[in-house]
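# Summary of the model geometry
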Number of protein chains: 2
Amino acid sequence: MFHVGSRSTVDLEEEITPEEDIVKSRLKEIPHNEKLLSLKYESLDYDNSENQLFLEEERRMSHMGFRCLEIRRWVICGLIGFLTGLIACLIDIAVEELAGYKYSAVKQNIEKFTEFGGLSISLILWAALNSAFVMVGAIAVAFFEPIAAGSGIPQIKCYLNGVKIPCVVRLKTLAIKVFGVICSVAGGLAVGKEGPMIHSGAVVAAGVSQGRSTSLKKDFKIFEYFRRDTEKRDFVSAGAAAGVSAAFGAPVGGVLFSLEEGASFWNQMLTWRIFFASMISTFTLNFFLSIYHGKPGELSSPGLINFGRFDSDKEKNFDYIPFESFLFFPYYFPGGMLGALFNVINYWLTIFRIRYIHRPCLQVMEAMLVAAVTATVAFAMIYFSNDCQPLGQDSTEEYPLQLFCADGEYNSMATAFFNTPERSVRSLFHNPPGSYNPLTLGVFTLVYFVLAVWTYGLTVSAGVFIPSLLIGAAWGRLFGILLSTITSSQSIWADPGKYALIGAAAQLGGIVRMTLSLTVIMVEATGNVTYGFPIMLVLMTAKIVGDYFIEGLYDIHIKLQSVPFLHWDAPPTSHWLTAREVMSSPVTCFNRVERVGRIVDVLSNTSTNHNGFPVVPGKICGLILRSQLIVLLKHKVFVERASSRLSQRRLQLKDFRDAYPRFPPIQSIHVSQDERECMMDLNEFMNPTPYTVPQVTLNRTLLPHPTETTPNNPYMTFTDEL
Amino acid sequence: MFHVGSRSTVDLEEEITPEEDIVKSRLKEIPHNEKLLSLKYESLDYDNSENQLFLEEERRMSHMGFRCLEIRRWVICGLIGFLTGLIACLIDIAVEELAGYKYSAVKQNIEKFTEFGGLSISLILWAALNSAFVMVGAIAVAFFEPIAAGSGIPQIKCYLNGVKIPCVVRLKTLAIKVFGVICSVAGGLAVGKEGPMIHSGAVVAAGVSQGRSTSLKKDFKIFEYFRRDTEKRDFVSAGAAAGVSAAFGAPVGGVLFSLEEGASFWNQMLTWRIFFASMISTFTLNFFLSIYHGKPGELSSPGLINFGRFDSDKEKNFDYIPFESFLFFPYYFPGGMLGALFNVINYWLTIFRIRYIHRPCLQVMEAMLVAAVTATVAFAMIYFSNDCQPLGQDSTEEYPLQLFCADGEYNSMATAFFNTPERSVRSLFHNPPGSYNPLTLGVFTLVYFVLAVWTYGLTVSAGVFIPSLLIGAAWGRLFGILLSTITSSQSIWADPGKYALIGAAAQLGGIVRMTLSLTVIMVEATGNVTYGFPIMLVLMTAKIVGDYFIEGLYDIHIKLQSVPFLHWDAPPTSHWLTAREVMSSPVTCFNRVERVGRIVDVLSNTSTNHNGFPVVPGKICGLILRSQLIVLLKHKVFVERASSRLSQRRLQLKDFRDAYPRFPPIQSIHVSQDERECMMDLNEFMNPTPYTVPQVTLNRTLLPHPTETTPNNPYMTFTDEL
C-alpha cells in the first residue's frame, strides 16, 4: 500500500539534485492530459491510519475482543450471502412471472390472428408490451440513479481496485438496479440479469457491513468497527463473489472473480470468508427457487442461469471433447474476433451516446426504441422463417409457437426469440441434434449480434453475459452442425450442443476478456469438470486474439467514464520510470501543528485536491488524510483554546467512523475569521508510519501495490495513455 | 516485501532516542530463544535487486523482449504441467503393477492354504513382501536423501512462504521421492501417493524453469532470465499446483492450494499460468492413463485418486445432502477431534523419533517393522472377521478373497485391507448399502487409525491424505449405517456412501486443516458441485474444533523441524509491537566503498549470519545481499586495481545468475592478505531502493508481507513462541 502523500514526500527526503531539471523536462515528455481523467473520482484509503487513537484502541482490545471481531466478520459474510441469494431469487421470480404473462398473452393473440390474418396487431401488441416494460425501467434509471445503468461490473471492478465511484454502493442504487433489471429483461431486450447481480451483491455487502443505511438515516449501532474503507472493501469483494455465485451457481467462480477483478493482495482468511458468502448465497437461491418451482429440496437450480448438466446419456460425447479441443483450435479464433468486433462497435456507439444522447428523456426514448425494434425484428424473423420442427417430448419449449407450421410442429426460430434469453441458451445447448436448421442459426446470430451491441450501454440496468453466451451458442451450434455434415461419422460429432457451449465461452471471453474466473464459472455452470480444459483453451485464445484488436468491454467503459483506473502492470516500456518522475510536485504538506486557515485554504483549493498530505517539518513524520482534516475542522479541535481544551471532549475514533463514508465537503464547513488564526495539532491524528519509497524506485515496483489514487496523480494519467 | 536489511536500517534513520532503553528492556520481555529456530535455514530473496546492472538490462530490453519473456513463462508452465502429469502417470502405473503382482501372489497362496490350513505361511509371505518393498524405499530415503521423507508438503509450504529449505527442489530429491513413494505404497503401508506428487511437481518446476540441472552439471543455456528466487518461486508454486491437480484431478483446487499455502501476494497473470499448468498436468495424466487402461480417449481418470462420480442414479440422494448437512451438524465434530488426536499422538511420536531414531539403519528397521506389523494386523483381521458378503456385479473388488466364506461370497474385511488404499476409499464411497457390517467398519477404523499415526513420519516418502480419507470414510460410513438403522425411512438415508464422503472430508480436514483449497479439491474429485456446501461446513467445523486442541499436522512438522516459518498474521496480542522492538540490533552495515577484509570478516562471522546488509553512510542508501557479496568476492571485483580495472571485464548480471542458486560458502573463497586491504565498490551492485519502514510501524503491518527471513530475526522467534 502506498500513498500519494508518501509519494510526494519523496523529494523532501533529498535536497534538490541537479538532475531535477532533467526530470522536469522528461516529465513534460509524458503527456499529462487532465481531460483523460475525471476529477469527480476519489480513491479508497486502503491503508489503516495507525495514529495514536487507533493504537490506544488496539491496546485496549483484549484477545477475546479480536476473536469477537473475527466472528462478526463471519456473521456479516453469512448475511451478505443470504440477502444476495434472496435478491437473486426475487429478480428471477419477478422476471419469470412477467415474461410468462407477456409471452402467453402474445402467444394467444398470435394464435388468434394466425387463421384470419392481421398478425400486425400481434406485432404491435408485442412491441407495445416490450416498450412499456423497458420505459418504466429506463425512467427509473435515467431520472433517479444513472449509476444503476448497465451491468455495474465496471463500477465494481473500479471500486475493488481502489477507486471510489460516487453512489455505487448505495441502497437507492440497489433498489433501482433490481427494479430496472426486472423491467429490461421482462421487456425482451437482448440483456441478461447476471451482471446486475454482481453489483447488487456488492451493494448488499457495503450496506450490511456498515450496520446502517445513510440513505435511510438508520443506524443500527452495530459493526461500527468496520466503518472504514479497508474493511468495507473487503466485504464488498465478498458481496461481488456472492453475486456471481448466485448468478451462475458458481461459488468458486465467484471467489476467483473477486480475486481476479479486485483483490489487490491475497489474504487467506478473507478469501475463506468470501467463499463462505458465495456458498450461502447460491444455497439460499437454490433453496427458495426449489420451493418456488414446487419441488422443495430438489435444489436443481443453483444459479439464475444454469446450463443444465452435460453428462449421463451424452457421456460418450463429452469424453471426446478434449481431443476436439485440439483438432479444432482454429475454431476458437472467431470468439476473439467477434468479441473484438462487438467491443469496437459498442465503443463508437457509446461515444456517440456520450456526445448526443445525454438528456434523460432522450435516453428513455432510445431504450424504448430498441425494445420496439427488438420485438419487430424478432417477429419478422419468426414470421418469415419456415423452419418447422416436430414438437418433441424432450424439448425445453415453454411457449412453442405453431404459427404456420403443420400441427404437432413448432417454429424453431421462435425458440430462439420467443423466450427469455436464459431459456434460449439452454435450448441451444441441449436441444437434440436437428432442432435448428443452419440458416435459422446463421440469421439469428447476425441479428442478435446487432441487437446486443445496440442494447449494451442503453440507460437500463442489464448485463451482457447472457447475450454474449447466446450469440456464441448460436454460431457454435451452427459450426457443430456444419461439422457433422462434413464429417459423416455420427458417433462423435453427434451432439452440436457442446459446440454451442464452446462457442458461447469463446464469444463471452472475446467480449469481457475474463480468464481464470470465467473458466471456473463456465465449468461450474455446466457442472462438468471435463469441459475445463477446452474452455480454458478457448478463453485464452479469445483473450489473446481479442486483445490484439481492442481491450475488453468493461475496460472500454471504464475508460469512457474517464475513471482513473490503475491496471495490474505498468506498460513494459515504462518499467524504468522512477517514482520521482511520476510523483506530483511541488508537494503540499502541513506542519505537525498547522494554522487552521492554511488547512482550510489548501483543502478548498480545487486545482490540487489531494487526498493525503505529508506532515513535516524536515523529513516526513506522518501522513494525514483529507477526510481526517475535515472531521477535525468540523469538531473544531483547535489548540488555541488550551484552557478550555481539557473540558472539551477529546475526539474519538468513533467520531471519524460516524462521519464515514460521506464526509462533508470543505465548503460546507464554516470557519470563522478568528478560528482561522487558531492552530491545529495533527500529532495524534496523523498516521506516523506511511509507506515511503526512495525517489529512484521503479514505477514497475510501485504499480502492483494498491495505490492511493487521486485524479491529479500523473502516474495514472500516464498509465492510462500508454 | 520487506528486508531484514531495511528493518535493521531503521535505527539509522533516527538518532538514538531516550526510549531506546525502554525498548531494550521490553525486548528482554520477549523470550528470544534461539533453540526454537534452526540456523541452517536461509530465506528467499523475494525482492528484485534493482541495481544498476538490472536497470541497464531493463532499458536495453525492447517491448518485444518483454513479450518473449512472457511467452517463455507460458511455455515453462506448459512443460511443468506435462512433466508432472507424466511423473504422476509413472507412479500410478508402477504402483498398480507392483501391488497387482503382490496381491495376486498372496491371494493364490492364501487360496492354496485355505483348504489344508497353514495360512501362517501366507502371512509370512505377505509380511515379507511388504517389508522388502518398504526396506528398499526406506534405504533410498534414509541413506541418500532424507529430505525426501514424508509427504513433502510441509517443505513446499515453507518454500512457497519464502524459507529456503536445503535440497528441497533438487533433481536427486525428485528421483528418491518417486522411487520411495512407489515402494512404500506397493509395500502396503497406510500411506498415499498424493502428497509426494505435490513435492514432485514443485521440483519439476524448479528444474524446468532454470533450464539446467546443477546436480547433473547440465546447462541448456535457456531461461537464464529466470535464475533468481522471485521467478523460481513463482514457477514452483505452479509446480505444486500441477502436482495437486494431477493427484486429485483438481486443477482449480491446485491453484487454490498454492494460493492458500504459498502465494504471499496476488498476481493475475501468475495465477492464470498456474491454472494453465494444472490443467495441462491433469489432462496429461488422464490421457496416458486412459491409454494404459486400454480405453484411449475415455479420459475417465483425471487424477491419481478419483472418488468416482456421485450422481446419476443416486441423483435423489445427493440432492438431499444439503439438508442433512444442517440436520447432522454435531456429526462434524468427530472430524476435528479425531484429527486433533491424530496430530497429538503423531507429535509425541515424532519427538520420540527425533530423540532416539535418528540413525539411518534404525529408521529403515522401523519402517520395515511397521510394514510387517501392517501386514500381520491386516491378515489377523481378515482371518478373524466372519463378515461374508455376496459377490455382487457392481462391487469394485479387484482381489475378492473368499477365504472361509461360502462360494460366491467374499470377505468384506479384505475389501478394506487387501487392496491399495485408493481402492479401499472408493469402495467405501460407492459399494452398495450393506456391503460392510458395522463391526467391520468400527474395528477397521480403530486399527487403521493406529497404523496411520504410526506410519506418518517414518523415513519413507508417503502422503497422509489417503489414510486420512480412509479412516474418515470408514467411520463416516459406519455413522451412515447406524443412522439408517435408527431412522427407518430408507428413501433418504439409503446411501451410506455419501456419509463416507463427508466423514472422509471431516477427518482429512481435522488433520491437515486446509480449508478453501481442500473444499474445492474434494468437490472436484467427486465431480459434483452440490457437495460443496456440506463439505465446506464440515471442513470449517473440523478446523475450528481441531485448532482448539493443536495445530495442523503440517505446521507441527514444520515446527519440529525448527524452520523459521512466518504465519499469516501476527498473534493479535502482539499487534501493538513496533518494528523497532522486533528488529535486530546493532545493525551490521557496509559503506558504499568497503574494505574487502571487513566484508570477509562480517560474512564469515557465524554468530550473525545476516543475509542482507544496508549500505550507508548516514542514512540508508542501499541494500546488498550476502549472495551478491560472495559473487563479487569470487570475481575479485576490487577497486584498488583502478589501472587494470578497465581491462578487467565488468561483472554482468549473467555472473550472478550463473552462480545462482548454489552460491559458494564464504569459507570456500580465498582472499589473500593484500587483497584484504583492497576496497570494493558496492554502488552499482546494491539495491538502491530497498523497502524501509519507520521504527514505529506496527508489527501487524509488517507481518503479512513476504519477509526476508533470517534465522536470527527476532520477529520470527517471537511469532513462533506466542
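This text gives an overview of the structure that appears in the document.

How each quantity is defined
Residues numbered from 1 in each chain as written. Chains lettered and ligands numbered in written order. Predicted model: local features only at pLDDT ≥ 70, side-chain atom pairs only at ≥ 80, totals over all residues. Heavy atoms only, no water. Helix = DSSP H or I, 4+ residues; strand = E, 2+ residues; numbered from the N terminus. Buried < 20%, exposed > 50% of the residue type's maximum accessible area, 1.4 Å probe, protein only. Contact = heavy atoms within 4.5 Å. Areas by Shrake-Rupley, 256 points an atom, 1.4 Å probe, with all protein chains shown as cover. Pairing = 2+ DSSP bridges. Salt bridge = Lys/Arg side-chain N within 4 Å of Asp/Glu carboxyl O. Axes fitted to C-alpha atoms, helices over the stretch in contact; angles between N-to-C directions. Parallel < 35°, antiparallel > 145°, perpendicular 65-115°, else oblique. Left-handed = near helix turned anticlockwise from the far one by under 90°. Nonpolar A, V, L, I, M, F, W, Y, C, P; charged D, E, K, R; others polar. Polar contact = N/O pair within 3.5 Å; in protein donor to acceptor, adjacent residues only side chain to side chain. Phe/Tyr/Trp six-rings, centres within 6.5 Å; stacked < 30°, edge-to-face > 60°. Lys NZ or Arg CZ within 6 Å of the ring centre and 35° of its normal. Expected span 1.5 Å × (residues − 1). Disulfide = S-S within 2.5 Å. Patch = residues over 30% accessible without salt bridge, like charges linked within 9 Å, V, L, I, M, F, W, Y side chains within 5 Å.

## Notes on the overall build of chain A
Scanning chain A from terminus to terminus reveals 31 helices and 11 strands. Expressed as a percentage of its 722 residues, the buried residues of chain A come to 65%. Sequence-distant contacts in chain A: of pairs separated by 6 or more residues, those separated by 24 or more amount to 81%. Of the accessible surface of chain A, which amounts to about 25500 Å², a share of 65% is contributed by carbon and sulfur atoms.

## Section: the sheet that holds strand β7 (residues 590–591) of chain A
Residues and elements named next belong to chain A. The 3 strands lie next to each other as β7-β9-β10, forming an open sheet whose pairing is mixed. The open sheet has two edge strands, β7 and β10 (622–625), and neither has a second partner. With 2 bridges joining them, β7 and strand β9 (residues 612–616) adopt parallel strand pairing. Paired with F590 across the bridge in β9 is V615.

## Concerning the pattern of salt bridges
Enumeration according to the criterion identifies 47 salt bridges over all chains in this entry. In this structure, B:E231 engages B:R73 in a salt bridge whose closest nitrogen and oxygen atoms are separated by 2.9 Å. You can see B:E231 sitting in helix α9 (residues 229–248) and its partner B:R73 sitting in helix α4 (residues 63–116), a full 158 residues away along the chain. Of the charged contacts in the structure, one is a salt bridge between B:R598 and B:E594, with a shortest N-O distance of 2.9 Å. What makes B:R598 partly exposed here is its relative accessible area of 28%. Judged by relative accessible area, which is 6%, B:E594 ranks as buried. Residues joined by salt bridges that share partners form a network here, namely A:E70, A:R73, A:R228, A:E231 and A:R273.

## Remarks on the packing of helix α16 (residues 421–430) of chain B against helix α18 (residues 465–486) of chain B
Residues and elements named next belong to chain B. The interhelical angle for the contact between α16 and α18, taken along N-to-C directions, is 25°, at an axis separation of 9 Å. The angle between α16 and α18 places the two elements in the roughly parallel class. Seen along the crossing, α16 lies across α18 with a hand that is left-handed. The residues of α18 that touch α16, namely those facing P421, E422, S424, V425, S427, L428 and F429, are I466, L469, L470, A473, A474 and R477. Looking at the contact of α16 with α18 residue by residue, the classes come out as 9 nonpolar, 2 polar and 2 charged.

## Concerning the environment of B:R598
All names here are of chain B. Looking at the secondary structure, you find R598 in helix α25 (residues 596–604). Taking the C-alpha atoms as reference points, R598 and L174, 424 residues apart in sequence, are found 40 Å from one another. Contacts of R598, omitting those with residues within four sequence positions, involve C589 and F590.

## Some points on the side chain of B:N346
Note on placement: B:N346 falls in helix α13 (residues 333–356). Of note is the side chain of B:N346, whose polar atom sits 3.1 Å from the backbone oxygen of B:V453.

## Quick notes on the packing of α4(B) against helix α7 (residues 171–186) of chain B
Residues and elements named next belong to chain B. Where α4 contacts α7, the two axes come as close as 8 Å, and the packing angle between them is 30°. Relative to α7, α4 is oriented roughly parallel. Between α4 and α7 lies a crossing of right-handed hand. Between α4, through I87, L90, I91, A94, V95, L98 and K102, and α7, the contact on the second element is made entirely by L174, V178, V181, I182, V185 and A186.

## Observations regarding the packing of aromatic side chains
Under the criterion given, the structure shown has 46 aromatic pairs over all chains. Taking 5.3 Å as the distance between ring centres and 75° as the angle between the ring planes, the aromatic pair formed by A:F226 and A:F235 counts as edge-to-face. With a relative accessible area of 0%, A:F226 lands in the buried category. Taken together, a centroid distance of 5.9 Å and an interplanar angle of 25° make the contact between A:W272 and A:F275 stacked. Remark: A:F275 and A:W272 occur in helix α11 (residues 268–292); sequence separation between them is 3 residues, near one turn of the helix. Summarising the burial analysis for this pair, A:W272 and A:F275 share the class buried. Taken together, the ring pairs in this structure connect A:F82, A:F283, A:F287, A:F288 and B:F533 into an aromatic cluster. Over the ring of A:Y103 we find A:K102, and its NZ or CZ is 4.5 Å from the ring centre.

## Section: the pairing of strand β9 (residues 612–616) of chain B
Residue and element names in this part refer to chain B. Taken across its 5 residues, β9 has 5 buried, putting it largely inside the fold. Here β9 shows a buried face lined by G612, P614 and V616 and a second buried face lined by F613 and V615. As defined by bridge partners, β9 adjoins strand β10 (residues 622–625) across 4 bridges and the pair is classed as antiparallel. Across the sheet, the residue bridging to F613 is I624, located in β10.

## Side note on the sheet that holds β9(B)
All names here are of chain B. With mixed pairing, the 3 strands of this open sheet are ordered in space as β7-β9-β10. Each edge of the open sheet carries a strand with a single partner, namely β7 (590–591) and β10. Packed onto the sheet, helix α26 (residues 626–634) meets β7, β9 and β10 and runs at close to 70° relative to β10.

## Points about α11(A)
Here α11(A) spans 36 Å end to end across 25 residues, near enough to the 36 Å set by a 1.5 Å rise per residue. A:G294, located one to two residues past α11(A), shows a positive phi value of around 80°.

## Here's the deal with the state of the cysteines
Inspection of the entire model under this criterion finds 0 disulfides over all chains. Its sulfur unpaired, A:C167 is 14 Å from the next cysteine sulfur, which belongs to A:C158.

## Digging into a nonpolar patch on the surface
A cluster of nonpolar side chains, contributed by A:I71, A:V75, A:L79, A:F82, A:L83 and A:L86, occupies part of the molecular surface with about 440 Å² of accessible area. Note on placement: A:L79 falls in helix α4 (residues 63–116).

## A look at the side chain of A:S184
On the secondary structure map, A:S184 appears in helix α7 (residues 171–186). Overall, the relative accessible area of 1% leaves A:S184 in the buried class.

## Looking at the environment of B:P421
All names here are of chain B. Along the chain, P421 turns up in helix α16. Of the residues examined, P421 reaches a relative accessible area of 7% and is grouped as buried. In the structure, P421 is positioned 231 residues away from A190 in sequence and 7.3 Å away in space, judged by C-alpha atoms. In this view, P421 contacts L189, V191, Y448, I466 and L470; residues no more than four positions away in its chain are not counted.

In short, the description is geometric, and any link to function would need to be established separately.
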